[in-house]
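# A look at the structure
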Amino acid sequence: MSRTDLKHAQPDGPPSPEDDTAFLGQPRGLLTLSGLEVWERFSFLGMQAILVLYFADTVANGGLGMSAGTAASVSAAYGTLVYLVSVAGGWLADRILGSYRAVLWGGILIACGHYAMAVPAGAMTWVGLGLISAGTGLLKPNAATMVGKLYRTEDERRDAGFAVYYMAINIGAFAGPLVTGWLSDHQGWHWGFSAAATGMTLGLAQYVLGRRNLAGRQHTAGSPLAPAALRRTVRLTVAGAVAVAVVATALALAGWLTMSRFVDLLTLISVVAPVVYFAVMFASPRVSTAERGRLRPYVVLFLASTVFNFVLFQAYSTMMLLASTDAGTTVLGFDFPASWYASALGAFEVALAPVVAAVWVRMGRRQPHASNKIAIGVVLGGLSFLLMVLPTAGDDSGGHLMSAWWIVGSYLLLGLGDVVLETSGMSATTKLAPAAFSSQTMSLWFLSLALANGIQAQTVKLYDDVSHSAYFGVNGAIAVAAGLAVMAAAPYLRRTMHPVH
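## A few points about the overall build of the protein
Along the protein, the regular secondary structure elements total 18 helices and two strands. Relative to its full complement of 501 residues, the protein shows a buried share of 56%. Considering only residue pairs separated by 6 or more positions, the protein has 83% of its internal contacts joining residues 24 or more positions apart. In the structure as shown, the protein presents an accessible area of about 19,400 Å², 68% of it carried by carbon and sulfur atoms.

As structure tokens, then:
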């Protein structure tokens, strides 16, 4: 174990990780971080469930009047921006803020963004989305990294702990769309955004109150910049932000920087950023030969995550659009908003996460290798799209409404895949991370989410141009093929991913 691992494994105050079993057999800090993510996901996914519908709704109804394909593309571009910013969030935690303060300030920015979106003015929508992007980029990679610091590398509770953490996240994912969906359907879109703002505020409150239970909590950066370098970095960051804002405004006023071109630019960045980031880590003298060897199989996991999340994120874009136009919104005589379908995904993940966690704990060292868990998740994601071929085949006129159970069944497969893949992927990332890039390697995992959204931002433009059965069938088949390819690479991955098992 490296000195960095030892530093993170020995908390200041609470019991050492192997002795702390206060929360469902897990360290008590897991409760604090899970509680934060419950409310962060409540706000983020509650807003995400209604965002594409808000974009596509008519101006007369309070929406922005976009076409379905454009609405899905802009929504995906927003997701791309959220996860691209996570790179800066990891770096800021490592070098300037420390993980605790990075998460705190990220939550504050998210709350401010949701409050801005609650204002019924078109310009405030874009201000709010910008603040939420910046805040999520600070919070997400560092919160997940703090979960990893609750455990020693060899602690077999780690995967189970991440499964519990993910279950808690999806309690928020389940509840958020229920509240925001009902409010937006009955009171208006901005009432739904107000609920998201309230949720993030509650999350911040419980995070601050439970801060003493966070193992490895640091108020300062783990690898802080020297004072002179810090001052120079702050000056360059402020100057760069101002310059980008001025140039973007000028290009927009000149008519060159349109929404479509901005989406294309984000897609390009989402492709280039991970390539550059991997190159920097492979070339860094601070990365040992052994750590560099573990990064190679991580590239495979990165690509697998990208494929799966390309499907997953469409649960909040194309699937939501399909539900609003082609699916029934009545179950057992009860009418519900189309955005409530998103809660089905969260409900399945809440129900399945403890089952998956219990299975991994019971199997111990006999459980599937992390790479196979991730491959299974990718295959399940592909099957969730292939299932949608059946009810959409031969009917693209919108005259027939499919049963709600088709979308529920698709979300069941997708939810199971998400629980299996994301918990294993985040856990493996914290184990494979080079010591010099601890928080930033977690950011690299989130760059796979940025890439997935970047690709989605382009492909969803076809949603209006091809049949729904062709759209979901081709995308689903690609995902299944990718998952099978990762399974085929399992011998190489098992050999090169030590200490991940």
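Let's pick the thread back up.
## Digging into helix H9 (residues 259–283)
Here H9 spans 36 Å end to end across 25 residues, near enough to the 36 Å set by a 1.5 Å rise per residue. If you check which residues of H9 are buried, you get Val263, Leu266, Thr267, Ser270, Pro274, Tyr277, Phe278 and Met281.

## Considerations on empty space enclosed by the protein
All told, the structure shown has two cavities of 30 Å³ or more when counted by the stated rule. Taken as a whole, the largest cavity encloses approximately 370 Å³ of empty space. Lining the largest cavity are 29 residues, with Arg41, Tyr83, Tyr166, Leu312 and Phe313 sitting closest to its centre. Counting only elements with at least two residues in the lining of the largest cavity, the list comes to helix H2 (29–56), helix H3 (68–97), helix H6 (158–186), helix H10 (289–312), helix H12 (341–363), helix H15 (404–432) and helix H16 (438–459).

## Re the packing of helix H11 (residues 318–326) against helix H17 (residues 468–488)
In the contact formed by H11 and H17, the axes pass within 13 Å of each other and the chain directions differ by 150 degrees. Considering the angle they form, H11 stands roughly antiparallel to H17. At the point where H11 passes H17, the crossing takes the left-handed sense. Each of Thr318, Met319, Leu322 and Asp326 in H11 lies in contact with H17, whose residues at this interface are His468, Tyr471 and Phe472. Split by residue class, the contact of H11 with H17 holds four nonpolar, two polar and one charged.

## Digging into the nonpolar core
Ranked by size, the top nonpolar core spans 92 residues in total, and within it Met47, Tyr341, Ile407 and Tyr411 carry the most contacts. For Met47, the residues in contact, after removing those within four places along its chain, are Phe42, Tyr78, His114, Met117, Leu129, Ile132, Thr180, Phe193 and Ala196. By size, the runner-up hydrophobic cluster in this structure holds 31 residues, among which are Leu204, Tyr207, Leu214 and Ala353.

## Describing the pattern of salt bridges
Counting across every chain of the model gives three salt bridges. Salt-bridge contacts for Lys461 lead to Asp264; the nearest nitrogen and oxygen are separated by 3.1 Å. Taken together, the residues Lys461 in the loop between H16 and H17 and Asp264 in helix H9 connect sequence positions 197 residues apart.

## Some words on the packing of aromatic side chains
Tallying each qualifying case throughout the model produces 15 aromatic pairs. The interplanar angle of 25 degrees and the centroid separation of 6.1 Å between the aromatic rings of Phe44 and Tyr78 together place this pair among those described as stacked. One end of the pair, Phe44, is in helix H2; the other, Tyr78, is in helix H3, and 34 residues separate them in sequence. Given the relative accessible area of 5%, Tyr78 is considered buried. Through a chain of ring-to-ring contacts, the aromatic side chains of Tyr54, Phe55, Trp126, Trp189 and Phe193 assemble into a single cluster.

## Examining the environment of Gly35
Here Gly35 is to be found in helix H2. For Gly35, a relative accessible area of 17% corresponds to the buried category.

## Concerning the confidence of the model for the protein
Of the residues in the protein, 88% reach a pLDDT of 70 or more, and the chain-wide mean stands at 82. Mean pLDDT in the protein bottoms out at helix H1 (residues 3–9), which sits at 35, and peaks at H17, which reaches 92. Contacts for the low-pLDDT stretch residues 1–15, under 50 throughout, to residues beyond four places or in other chains number 26 contacts.

## Here we look at a nonpolar patch on the surface
On the surface, Trp126, Met259, Phe262, Leu265, Leu268, Ile269, Val271, Val272, Val276 and Val280 cluster together to form a nonpolar patch covering roughly 810 Å² of accessible area. Examining the composition of the nonpolar patch, we find that nine residues originate from one element, H9, more than from any other. Among the structural elements, Leu265 can be located in helix H9. In this structure Leu265 comes out as partly exposed when scored by relative accessible area, which is 40%.

## Description of the side chain of Ser410
Along the chain, Ser410 falls in helix H15. With sequence-adjacent residues up to four places away left out, Ser410 is seen in contact with Met319, Ser384, Leu387 and Met388.

## Regarding the layout of surface pockets
Of the volumes computed, that of the largest pocket is approximately 1,500 Å³. Lining the largest pocket are 43 residues, and of these Leu81, Val85, Gly130, Val244 and Phe262 sit closest to its centre. Where the lining of the largest pocket is concerned, the elements lending two or more residues are H3, helix H5 (122–148), helix H8 (227–253) and H9. A total of 14 residues in the lining of the largest pocket trace back to one element, the largest contributor, which is H8. The residue inventory of the lining of the largest pocket, partitioned by class, reads 38 nonpolar, five polar and no charged.

## Things to note about helix H7 (residues 189–209)
Over its 21 residues, H7 runs 32 Å from end to end, which matches the ideal 30 Å to within 8%, given 1.5 Å per residue. Looking at H7, one finds that the buried residues are Trp189, His190, Gly192, Phe193, Ala195, Ala196, Ala197, Gly199, Met200, Gly203, Leu204 and Tyr207.

Analysis parameters
Residues numbered from 1 in each chain as written. Predicted model: local features only at pLDDT ≥ 70, side-chain atom pairs only at ≥ 80, totals over all residues. Heavy atoms only, no water. Helix = DSSP H or I, 4+ residues; strand = E, 2+ residues; numbered from the N terminus. Buried < 20%, exposed > 50% of the residue type's maximum accessible area, 1.4 Å probe, protein only. Contact = heavy atoms within 4.5 Å. Areas by Shrake-Rupley, 256 points an atom, 1.4 Å probe, with all protein chains shown as cover. Expected span 1.5 Å × (residues − 1). 1 Å grid on protein atoms, 1.4 Å probe; cavity = no way out; pocket = protein on both sides within 12 Å on 5 of 7 lines; lining within 4 Å. Points joined across faces, edges and corners; volume = space filled by probe spheres on them. Axes fitted to C-alpha atoms, helices over the stretch in contact; angles between N-to-C directions. Parallel < 35°, antiparallel > 145°, perpendicular 65-115°, else oblique. Left-handed = near helix turned anticlockwise from the far one by under 90°. Nonpolar A, V, L, I, M, F, W, Y, C, P; charged D, E, K, R; others polar. Core = buried A, V, L, I, M, F, W, Y, C linked by side-chain atoms within 4.5 Å. Salt bridge = Lys/Arg side-chain N within 4 Å of Asp/Glu carboxyl O. Phe/Tyr/Trp six-rings, centres within 6.5 Å; stacked < 30°, edge-to-face > 60°. pLDDT = per-residue confidence, 0-100. Patch = residues over 30% accessible without salt bridge, like charges linked within 9 Å, V, L, I, M, F, W, Y side chains within 5 Å.

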